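For reference, the chains in residue letters:
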Amino acid sequence: MADVPLRPTLYRHPHGITAVDAEYLYPGHAAAHIIHDAGRAAFVDVGANSSVPYLLGALAELGIAREAVDYLLLTHVHLDHAGGAGALMRELPNARAVLHPRGAPHMIDPAKLIAGSQAVYGEVRFRRLYGELLPIAAERVQVVGDGERVRLGGRTLELIHTPGHAQHHYAVVDEAHASIFTGDTFGISYRALDTEQGAFITPSTVPTQFDPEQHIASIDRMLQFRPESMYLMHFSRVTDVPRLAGMLKEQITELARIARVAAGAPDRATRIRADMLALWLALARRHGCRLSDAEIERALAGDLTLNTQGLIAWLGRTGQKAVNS
Ligand SMILES: [Zn+2]
């Protein structure tokens with residue numbers, strides 16, 4: 001039930017920013033963020049329907065009235081980010097859902113989103129993960145162009161279009177606080193893979209719109225703001241941004257190469273997954289990770305599967321033929 005708040009796990013960050021564990025799949029996997037400024041609040045991404053009670057619990061714990069939430073800033077409409085938006089909107093009378101022009105129609109009428117997601121997850125798993133997607137009334141949806149700004153309490157947030165993970169992706173730039181909320185455009189960084197060298201990071205090349213050139217261009221564009229903190233959905237705050245950006249860009253190029261090399265093989269999915277795992281194990285070792293190979297594979301298993309599917313979709317879309325190197 002969406003209206004019974006559950007006790008959330010919160011991570012308090014600087015500048016009125018709080019991460020809420022969305023409890024999607026398992027704790028430590030997905031974080032929705034709350035920005036609180038001068039009595040007003042916004043969510044950046046919200047998780048799935050099952051996340052909504054934790055988000056309402058977070059508002060209660062932070063002492064934020066539901067009426068004080070002005071925005072749901074939905075970086076893109078993948079369901080681990082926006083699946084709970086329709087249900088959450090019903091609890092937040094003054095909120096508007098802010099979306100990329102190409103994402104907005106899918107929140108107003110989720111039929112295509114449901115069909116697309118069922119194609120990736122299968123119908124049974126889809127229903128278990130996401131339940132029933134509730135539409136958002138068109139008059140509560142605000143469509144934002146590239147570079148548009150929204151005002152939240154005393155701060156201004158700039159929304160920049162960042163294609164590459166998905167065509168309809170935007171990032172939320174909080175320039176005054178050197179922070180960017182990156183959705184999935186700055187990859188995935190599980191705290192379980194942190195070492196004394198800092199955070200480990202991997203790109204998310206999931207279906208159906210991964211595009212390596214656009215993705216790298218979007219990372220470069222975010223770097224132009226000289227951010228000190230990136231807030232990822234998977235999993236929240238990272239610093240040391242230039243190093244992580246380098247890691248991401250190298251991997252995007254390498255994963256695209258791995259996919260092209262395997263393109264003509266009958267067992268290409270198996271090969272792509274195996275090469276991706278080998279790449280990540282080597283990078284994790286270089287990073288000083290002390291987990292066993294099996295533990296690292298377990299931490300990244302979901303991403304190995306979805307990234308492989310996304311790379312195959314990319315090959316299909318771009319008509320990539322097999323290459324030798
Ligand atoms: Zn995504």
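All of these numbers come straight from a predicted model, not from anything done at the bench. (Residues numbered from 1 in each chain as written. Predicted model: local features only at pLDDT ≥ 70, side-chain atom pairs only at ≥ 80, totals over all residues. Heavy atoms only, no water.)

Visitor: Can you help me understand the coordination of the zinc ion in this one?
Guide: Ideal values differ by geometry: the angle at a metal is 109.5 degrees with four tetrahedral donors, but 90 or 180 degrees with six octahedral donors. Only H76 (NE2), H78 (ND1), H165 (NE2) and D184 (OD) from the protein reach the zinc ion as donors, at distances of 2.1 to 2.2 Å. Every donor counted, the four donor atoms about the zinc ion form angles of 89 to 173° at the centre, which fits irregular coordination. (Donors = N, O, S within 2.8 Å, 3.2 Å for Na, K, Ca; no water. Tetrahedral: all angles 85-135°; square planar, octahedral: opposite > 155°, others 65-115°.)

Visitor: Honestly, the sheet that holds strand β1 (residues 10-13) in this entry has me stumped. Any pointers?
Guide: Backbone-to-backbone hydrogen bonds pair the strands of a sheet. The strands run either parallel or antiparallel. Spatial ordering of the open sheet is given by β1-β2-β3-β4-β5-β6-β7, a layout of seven strands whose pairing is mixed. Every other strand in the sheet has two partners, leaving β1 and β7 (141-143) as the edge strands with one partner each. On average, each strand axis in the sheet is inclined to that of its neighbour by 25°, with strand direction left out of account. Across four bridges, the pairing between strand β4 (residues 40-44) and strand β5 (residues 69-73) is parallel. (Pairing = 2+ DSSP bridges. Helix = DSSP H or I, 4+ residues; strand = E, 2+ residues; numbered from the N terminus. Axes fitted to C-alpha atoms, helices over the stretch in contact; angles between N-to-C directions.)

Visitor: Even after reading the chapter, I still don't get the packing of helix α8 (residues 241-262) against helix α10 (residues 293-318), so can you show me in this structure?
Guide: When two helices pack together, you describe them by how their axes are tilted relative to each other and by the distance separating the axes. Orientation of α8 relative to α10, taken along the N-to-C sense of each, is 65°, at an axis distance of 10 Å. In terms of orientation, α8 lies roughly perpendicular with respect to α10. Considering the relative orientation of α8 and α10, their crossing is right-handed. Two secondary-structure elements touch here, α8 through L255, A256, A259 and R260 and α10 through N307, L311, W314 and L315. (Parallel < 35°, antiparallel > 145°, perpendicular 65-115°, else oblique. Left-handed = near helix turned anticlockwise from the far one by under 90°. Contact = heavy atoms within 4.5 Å.)

Visitor: I tried to follow empty space enclosed by the protein on my own but got confused; where do I start?
Guide: Leftover empty space is mapped by rolling, across the atoms, a probe with the size of a water molecule. Taken as a whole and assessed by the stated rule, the structure comprises two cavities of 30 Å³ or more. As a volume, the largest cavity reaches approximately 40 Å³. Lining the largest cavity are A82, G83, G86, H106, M107, P110, L133, L134 and I136. Of the residues belonging to the lining of the largest cavity, the class tally is six nonpolar, three polar and no charged. Taken as a whole, the second largest cavity encloses approximately 30 Å³ of empty space. If you trace the second largest cavity, you find it lined by A31, H33, V44, D45, F181, T182, G183, Y231, L232 and M233. Of all the secondary structure elements, the ones that give two or more residues to the lining of the second largest cavity are β3 (31-37), β11 (179-183) and β12 (229-232). Top element by residues in the lining of the second largest cavity is β11. It accounts for three residues. Here the residues of the lining of the second largest cavity sort into six nonpolar, three polar and one charged. (1 Å grid on protein atoms, 1.4 Å probe; cavity = no way out; pocket = protein on both sides within 12 Å on 5 of 7 lines; lining within 4 Å. Points joined across faces, edges and corners; volume = space filled by probe spheres on them. Nonpolar A, V, L, I, M, F, W, Y, C, P; charged D, E, K, R; others polar.)

Visitor: What should I look at first to understand the sheet that holds strand β8 (residues 148-152) in this one?
Guide: What the six strands build is an open sheet, ordered β8-β9-β10-β11-β12-β13; its pairing is mixed. With partners counted over all chains shown, the strands left at the sheet margins are β8 and β13 (236-238), one partner each. The mean angle between the axes of side-by-side strands here comes to 25°, regardless of whether they run parallel or antiparallel. As paired strands, strand β9 (residues 155-161) and strand β10 (residues 170-174) are joined by four bridges and run antiparallel to one another. Pairing of H161 across the sheet is with Y170, part of β10. In the packing of helix α7 (residues 212-223) onto the sheet, the strands contacted are β9, β10, β11 and β12, and the crossing angle to β9 comes to about 155°.

Visitor: Would you explain the environment of A199 in this entry?
Guide: You can see A199 is positioned in the loop between β11 and α7. With 21 residues separating them along the chain, A199 and D220 place their C-alpha atoms 19 Å apart. If near-sequence neighbours (up to four positions away) are discounted, A199 is found in contact with S189, R191, D194, V238, R243, L244 and H287.

Visitor: Is there a simple way to think about the pairing of β5 in this case?
Guide: The side chains of a regular strand alternate, residue by residue, between the two faces of the sheet. For β5, the buried fraction is high: five of the five residues fall into the buried class. Running through helix α1 (residues 52-62), the crossover from β4 to the neighbouring parallel element β5 is right-handed. Here three bridges tie β5 to strand β6 (residues 96-99), and the two strands are oriented parallel to one another. By the bridge assignment for β6, L72 is matched with A97. (Buried < 20%, exposed > 50% of the residue type's maximum accessible area, 1.4 Å probe, protein only. Right-handed = clockwise from strand over helix to strand, strands pointing away.)

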